[in-house]
Amino acid sequence: MTLPPGPESPDDRGRLTIAPAVVRKVAQHAADQVDGTTRAERRIAGVGLGTHGASAKVGGEGNDVDLVLDVALKYPAPVRRIVGDLRARVTEEVERITSYQVRDISVTVSALLPDIAPRVR
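Residues numbered from 1 in each chain as written. Predicted model: local features only at pLDDT ≥ 70, side-chain atom pairs only at ≥ 80, totals over all residues. Heavy atoms only, no water.

A. Local environment of the nonpolar core. Counting 23 residues, the largest nonpolar core has Leu67, Leu69, Leu86, Val90 and Val94 as the members making the most contacts within it. Within the residue set of this core, elements represented by two or more residues are helix H1 (20-32), strand E5 (64-75), helix H2 (79-98) and strand E6 (101-114). (Core = buried A, V, L, I, M, F, W, Y, C linked by side-chain atoms within 4.5 Å. Buried < 20%, exposed > 50% of the residue type's maximum accessible area, 1.4 Å probe, protein only. Helix = DSSP H or I, 4+ residues; strand = E, 2+ residues; numbered from the N terminus.)

B. Looking closely at unusual backbone geometry. Cis peptide bonds are those with omega within 30 degrees of zero, and the linkage from tyrosine 75 to proline 76 qualifies with -5°. In this structure, proline 76 sits in the loop between E5 and H2. Notably, serine 99 is not glycine yet its phi reads approximately 65°, a positive angle. By the element assignment, serine 99 lies in the loop between H2 and E6. A relative accessible area of 55% means that serine 99 is categorised as exposed.

C. A look at the pattern of salt bridges. Tallied over the entire structure, the rule returns 3 salt bridges. With a closest N to O distance of 2.7 Å, arginine 103 and aspartate 66 form a salt bridge. Placement of arginine 103 in strand E6 and of aspartate 66 in strand E5 is noted, with a sequence separation of 37 residues between them. Here aspartate 66 falls in the partly exposed class, since its relative accessible area comes to 23%. A salt bridge links glutamate 93 to arginine 96; its shortest N-O distance comes to 2.9 Å. (Salt bridge = Lys/Arg side-chain N within 4 Å of Asp/Glu carboxyl O.)

D. Structural context of the side chain of glutamine 28. Within the element layout of this structure, glutamine 28 appears in helix H1. Apart from the residues lying within four places of it in its own chain, the contact partners of glutamine 28 are Ala54, Ser55 and Ala56. (Contact = heavy atoms within 4.5 Å.)

E. Highlighting H2. An ideal rise of 1.5 Å per residue puts 28 Å on 20 residues; H2 measures up with 28 Å between its terminal C-alpha atoms. All of the buried residues along H2 are Ile82, Val83, Leu86, Val90, Glu93, Val94 and Thr98. The arc that holds the buried residues of H2, viewed along the axis, is 105°, so those residues lie on one side. Turned more than 90 degrees from where H2 packs its buried face, Arg80, Glu92 and Arg96 sit exposed. Looking at the buried positions of H2, the neighbouring elements they touch are H1, strand E1 (37-38), E5 and E6. Positioned one or two residues after H2, serine 99 has a phi angle of 65°, which is positive. (Expected span 1.5 Å × (residues − 1). Arc of directions from axis to C-beta.)

F. Fine view of the pairing of E5. As defined by bridge partners, E1 adjoins E5 across 2 bridges and the pair is classed as antiparallel. Among the inter-strand pairings, threonine 37 is bridged to a residue of E5, identified as leucine 73. As defined by bridge partners, strand E4 (residues 55-61) adjoins E5 across 7 bridges and the pair is classed as antiparallel. By the bridge assignment, valine 58 is partnered in E5 with leucine 67. Taken together, E4 and the strand that follows it, E5, pair antiparallel across an intervening segment of 2 residues, in which glycine 62 is found at a positive phi of about 60°. Taking the sense of rotation as the criterion, the β-α-β connection linking E5, H2 and E6 turns out right-handed. (Pairing = 2+ DSSP bridges. Right-handed = clockwise from strand over helix to strand, strands pointing away.)

Purely geometric numbers; function is a separate question.
Structure below.
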């Protein structure tokens, strides 16, 4: 059985566009997997709304992306090492999954949270 001939060039096959929201989710998930990061409590006007992991914003043009990450770390933590691991892991995952090139990653550590066991069990 022979298959019909395919398109002449890869450009004739179409294009794949990955939305910035997908890149954001990949970056957030990768950041949350780094040892030393933790979830922070989300509060609005003093009311607890659960917890959240890393948050990311995506910018850039074409195949180049710029990421801005906001993370909470466990306290005490070697901040410089964890942020280095975080940059490497997020870059690797975003590039592997999306084929975009990570041009820049800015990281803000918004909280250092101690690992405290709950008093009531």
